[in-house]
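Remarks on the overall topology
The chain contents come next:
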Amino acid sequence: DLLRSVRHRADAGDTAYWRLLGELAWRQGSPEDTLVAYHTLWQSPEPDALTAERLMIVSRDQGQTGQALTTATAAWVRFRQPRFLLFAMDLASQTGRWEDVTRLAVLADQSPQMFASSESHWLLRAQLANHNKHPQQARAAYQQVLKLNPQSSPARAGLLWLLIDNYSNTGGERADLA
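A few points on the structure. Note that the coordinates shown come from a computational prediction; the quantities given were computed from them, not determined experimentally.

Now for the overall build of the chain. The helix and strand tally for the chain stands at 11 helices and 0 strands. Ordered by position from N to C terminus, the α and β elements of the chain give α-α-α-α-α-α-α-α-α-α-α. Here the chain holds 178 residues, and 40% of them are scored as buried. Long-range pairs, those at least 24 residues apart, make up 45% of the contacts in the chain between residues at least 6 apart in sequence.

Turning next to the nonpolar core. The nonpolar side chains of soluble globular proteins are, as a tendency, buried together. Counting residues in hydrophobic clusters, the biggest one holds 35 residues, and the most contacted among them are Phe84, Leu85 and Leu104. Elements with a contribution of two residues or more to this core: α2 (15–28), α3 (31–42), α4 (49–61), α5 (65–79), α6 (82–94), α7 (98–109) and α9 (119–131). Ranked by residue count, the leading element in this core is α6, at 8 residues. Apart from the residues lying within four places of it in its own chain, the contact partners of Phe84 are Ala49, Ala52, Glu53, Met56, Ala72, Ala75, Trp76 and Phe79. Residues Ala138, Tyr142, Val145 and Leu159 belong to the second largest nonpolar core, which totals 10 residues.

This part covers the packing of aromatic side chains. Within this structure, the stated rule accounts for 4 aromatic pairs. On the basis of an interplanar angle of 80° and a centroid distance of 4.9 Å, the ring pair of Tyr17 and Trp18 is categorised as edge-to-face. As far as the burial class goes, Tyr17 and Trp18 line up, both buried. Here the aromatic residues Trp42, Phe79 and Phe84 are joined through ring pairs into a cluster of three or more. Between Arg78 and the ring centre of Trp42, over which it is positioned, the NZ or CZ distance is 5.8 Å.

This paragraph deals with the environment of Ala116. Position of Ala116 relative to the elements: it lies in the loop between α8 (112–115) and α9. Relative accessible area serves as the criterion here: at 36%, Ala116 is assigned to the partly exposed category. Put simply, Ala116 and Gln144 are 28 residues apart on the chain and 8.9 Å apart in space, counted from C-alpha to C-alpha. Setting aside residues up to four positions removed in sequence, Ala116 forms contacts with Trp122, Gln144 and Leu148.

This part covers the pattern of salt bridges. Any two side chains of opposite charge can pair, given that their charged atoms come close. In this structure the tally under the stated criterion is 8 salt bridges. The salt bridge involving Arg60 is made with Asp61; its shortest N-O contact spans 2.9 Å. When the shortest N-O distance is used, the salt bridge between Asp109 and Arg125 registers 2.8 Å. Here Asp109 is found in helix α7, whereas its partner Arg125 is found in helix α9, with 16 residues between them in sequence. Residues participating in the shared-partner salt-bridge network are Glu23, Arg27 and Arg54.

Together, Leu160, Trp161 and Ile164 line one region of the surface with nonpolar side chains, adding up to about 310 Å² of accessible area. In this fold, Ile164 is placed in helix α11 (residues 153–169). What makes Ile164 partly exposed here is its relative accessible area of 34%.

Another aspect to go through is α9. Its 13 residues give α9 an end-to-end C-alpha distance of 18 Å, which sits within 8% of 18 Å, the value for a rise of 1.5 Å per residue. For α9, the set of buried residues is His121, Leu123, Leu124, Ala126, Leu128 and Ala129. Looking one or two places after α9, you find Lys133, whose phi comes out positive at around 60°.

Each value, and the rule that gives it
- Residues numbered from 1 in each chain as written.
- Predicted model: local features only at pLDDT ≥ 70, side-chain atom pairs only at ≥ 80, totals over all residues.
- Heavy atoms only, no water.
- Helix = DSSP H or I, 4+ residues; strand = E, 2+ residues; numbered from the N terminus.
- Buried < 20%, exposed > 50% of the residue type's maximum accessible area, 1.4 Å probe, protein only.
- Contact = heavy atoms within 4.5 Å.
- Core = buried A, V, L, I, M, F, W, Y, C linked by side-chain atoms within 4.5 Å.
- Phe/Tyr/Trp six-rings, centres within 6.5 Å; stacked < 30°, edge-to-face > 60°.
- Lys NZ or Arg CZ within 6 Å of the ring centre and 35° of its normal.
- Salt bridge = Lys/Arg side-chain N within 4 Å of Asp/Glu carboxyl O.
- Patch = residues over 30% accessible without salt bridge, like charges linked within 9 Å, V, L, I, M, F, W, Y side chains within 5 Å.
- Areas by Shrake-Rupley, 256 points an atom, 1.4 Å probe, with all protein chains shown as cover.
- Expected span 1.5 Å × (residues − 1).

Bear in mind that shape data such as this cannot, by itself, settle questions of function.
If you want it as structure tokens, here you go:
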């Protein structure tokens with residue numbers, strides 16, 4: 001409460017204040033104060049990865065999908081950590097923002113070595129291919145996941161549903177997914 005009561009005196013350059021407020025608000029589960037603190041820190045000259053991560057999460061949790069996607073994409077560009085782009089791709093797919101998923105996938109394609117061993121990346125690529133009605137691409141993405149982790153339940157289930165859907169859509173004839 002003390003930190004909140006002096007918030008009007010703090011300017012954007014008081015990073016120590018905003019960091020402390022953000023940390024306390026995060027720990028106490030106060031999304032409004034967390035959002036204000038981490039948004040202010042994100043606008044500072046040198047935000048860190050933790051600031052980006054918490055701003056993305058609290059924005060998502062507060063229904064601010066656009067803000068979460070913008071922050072995650074900017075964090076990917078700034079820090080080059082795949083988790084930021086994967087967060088954005090996952091959030092966009094969960095909210096049906098397929099144009100955003102496509103745009104984010106193009107960004108991932110610019111650094112293929114950073115995503116080659118990521119199950120999450122390949123699962124998201126399979127979902128995007130499914131959405132775009134590209135069963136061969138979806139199958140290839142699911143198979144990539146299974147190369148990385150033969151026990152992957154999401155990949156096994158996704159591949160099974162892909163085969164079922166394509167079998168159903170071909171009138172019971174074998175679908176060509178090669």
